[in-house]
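# What the coordinates show
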Amino acid sequence: MKDRLLQIEKAALSEILSIKNKEAALEFKNRHLGRKGELTSLTKELGSIPPAERPAVGELINTIRGKIEERVNHLLTGFLNAEREQRLRAEKVDVTLPGRYLPLGKKHPITQVMDEVVKIFSGMGFAAAEGPEIETDYYNFEALNIPKDHPARDMQDTFYISGDYLLRTHTSPVQIRVMQAQKPPLRVIAPGKVYRRDSDVTHTPMFHQVEGFMVDESITFGDLKGVLSAFLHSLFREDMPIRFRPSFFPFTEPSAEVDIQCVICNGKGCRVCKGSGWLEVLGAGMIHPMVFKAVNYDAEKFTGFAFGIGIERIAMLKFGIDDIRLFFENDVRFLRQF
Ligand code: DAH
């Protein structure tokens, strides 16, 4: 038995040298040390040898088992390490490789400013409304107290389509549409595209406005000042100097234009503000009784204010852009900056 054991040991230890991979090692381990392995069956045969020899043979079996186990485990650890090493190498990320460029779309600067304006007014309880870009003479002019042949029509050089139809020259007609459909109290904001026959560094034939108005019993010019001041301070900066200047619009009385301090010279006077230190940013006023009449509101009972904001102009001032046409050339090198 002892000879057999030593032979097994010799054969096993020499076989180990030829094992080339993890699978072979596992198979080897199982064959020699497993429950059906040779050494295990020899252990079972211990009973058949003289009792005096058993301890020595038993110990020999254990020693051999231990030796084989140690060697094969050592081998297995080596295979497993190599395997992990290889996997890690395959998974390795070269952090110095330039990344793959994912083109990422962004909101156009005009849309960004529109969204911001709408957001500020939503915060003050204004709900958004929309109207058609193709309007009738009635909504664009007549109902806003701009009768035919009125000189105020010259303020806005119109694209006429045919008959009564035209491209709206401002978002003010949305006031009429909303007031026809709803009763006060109203707090409404109307963003959209408008069209005028105009083209130079500060004018494009299509541009964007946000109209707003508020109607209720006892709305005053103080409300107009409060809401528009809060808006401008939120949009520009908290301590931006602003002023309300008398003006004229047919659909408001009294009317005002609102200026912010010149963002280029901080009020000192420069080419952009034509030396005045101020820049006009919006038109506003108390809604004219004739407008209320057009929508069958009782002008004795209701008052309201309205305003119109030119979005391109605000964007030019906010971003310091001196040519409005840049917004519409869609040069990504320009657009990427916002
Ligand atoms: N609709 C005017 C324009 O396009 C802007 C405007 C001025 C709108 C005064 C208003 C307002 O609602 O009250 O020039």
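Preceding block: the structure.
Keep in mind that what you see is a predicted model, and the values were worked out from it rather than measured. (Residues numbered from 1 in each chain as written. Predicted model: local features only at pLDDT ≥ 70, side-chain atom pairs only at ≥ 80, totals over all residues. Heavy atoms only, no water.)

Applying the stated rule across the entire model yields twelve aromatic pairs. Centre to centre, the rings of F121 and F307 are 4.9 Å apart; their planes meet at 25°, and the pair counts as stacked. One end of the pair, F121, is in helix 5 (residues 109–123); the other, F307, is in strand 10 (residues 302–310), with 186 residues separating them in the sequence. Across the pair, exposure class does not vary: F121 and F307 are buried alike. Plain terms: the ring middles of F292 and Y297 are 5.8 Å apart, the flat faces sit at 25° to each other, and that makes the pair stacked. For the pair F292 and Y297, one class covers both residues: buried. Aromatic rings pair up to connect F121, F126, F231, F305 and F307 into one cluster. Above the plane of the ring of Y139 lies R177, whose end atom (NZ or CZ) is 3.9 Å from the centre. (Phe/Tyr/Trp six-rings, centres within 6.5 Å; stacked < 30°, edge-to-face > 60°. Helix = DSSP H or I, 4+ residues; strand = E, 2+ residues; numbered from the N terminus. Buried < 20%, exposed > 50% of the residue type's maximum accessible area, 1.4 Å probe, protein only. Lys NZ or Arg CZ within 6 Å of the ring centre and 35° of its normal.)

This next bit is on a nonpolar patch on the surface. A cluster of nonpolar side chains, I134, I161 and Y165, forms an exposed patch at the surface whose accessible area comes to about 300 Å². Relative to the helices and strands, I161 resides in strand 3 (residues 160–162). (Patch = residues over 30% accessible without salt bridge, like charges linked within 9 Å, V, L, I, M, F, W, Y side chains within 5 Å. Areas by Shrake-Rupley, 256 points an atom, 1.4 Å probe, with all protein chains shown as cover. Salt bridge = Lys/Arg side-chain N within 4 Å of Asp/Glu carboxyl O.)

Moving on to the site of the ligand. H170, S172, R196, Q209 and E211 are the nearest of the 16 residues found near the ligand. Here a nitrogen atom of the ligand sits 2.9 Å away from a polar atom, N or O, in the side chain of H170. In this structure, an oxygen atom belonging to the ligand sits 2.6 Å away from a side-chain N or O atom of E211. The fraction of the free accessible surface of the ligand (360 Å²) that becomes covered by protein chains is 92%. For the shell around the ligand, the secondary-structure elements that each account for two or more residues are strand 6 (206–217), strand 9 (278–287) and strand 10. When grouped by side-chain class, the residues that make up the shell around the ligand number five nonpolar, nine polar and two charged. (Near = heavy atom within 4 Å. Polar contact = N/O pair within 3.5 Å; in protein donor to acceptor, adjacent residues only side chain to side chain. Nonpolar A, V, L, I, M, F, W, Y, C, P; charged D, E, K, R; others polar.)

This next bit is on the sheet that holds strand 4 (residues 165–167). Read across the open sheet, the three strands follow the order 2-4-3; overall the sheet is antiparallel. The sheet is open, and its two borders are formed by strand 2 (134–136) and strand 3, each paired with just one other strand. Each strand axis lies, on average, 40° off the axis of its neighbour in the sheet, ignoring direction. When strand 3 meets strand 4, the two strands line up antiparallel, connected through two bridges. Bridge pairing in strand 4 places Y160 opposite L166. (Pairing = 2+ DSSP bridges. Axes fitted to C-alpha atoms, helices over the stretch in contact; angles between N-to-C directions.)

Here we come to the packing of helix 1 (residues 2–16) against helix 3 (residues 38–45). Where helix 1 contacts helix 3, the two axes come as close as 11 Å, and the packing angle between them is 170°. One way to sum up the angle between helix 1 and helix 3 is to call them roughly antiparallel. Where helix 1 abuts helix 3, its residues R4, L5 and I8 lie against E38, L39, L42 and E45. The residue inventory of the contact of helix 1 with helix 3, partitioned by class, reads four nonpolar, no polar and three charged. (Parallel < 35°, antiparallel > 145°, perpendicular 65-115°, else oblique. Contact = heavy atoms within 4.5 Å.)

This part is about the side chain of S255. With respect to the secondary-structure elements, S255 resides in strand 8 (residues 252–261). By relative accessible area, which is 6% here, S255 ends up buried. Within the structure, the side chain of S255 is placed 3.2 Å from the backbone nitrogen of F249, a separation counted as a polar contact. With residues up to four places along the chain from it excluded, the contact list for S255 reads R245, P246, S247, F248, F249, A284 and G285.

A few words on helix 1. Here helix 1 is 15 residues long and its end C-alpha atoms lie 21 Å apart, about the 21 Å a rise of 1.5 Å per residue gives. In this fold, the buried residues of helix 1 make contact with helix 2 (22–33), helix 3 and helix 4 (54–91). (Expected span 1.5 Å × (residues − 1).)

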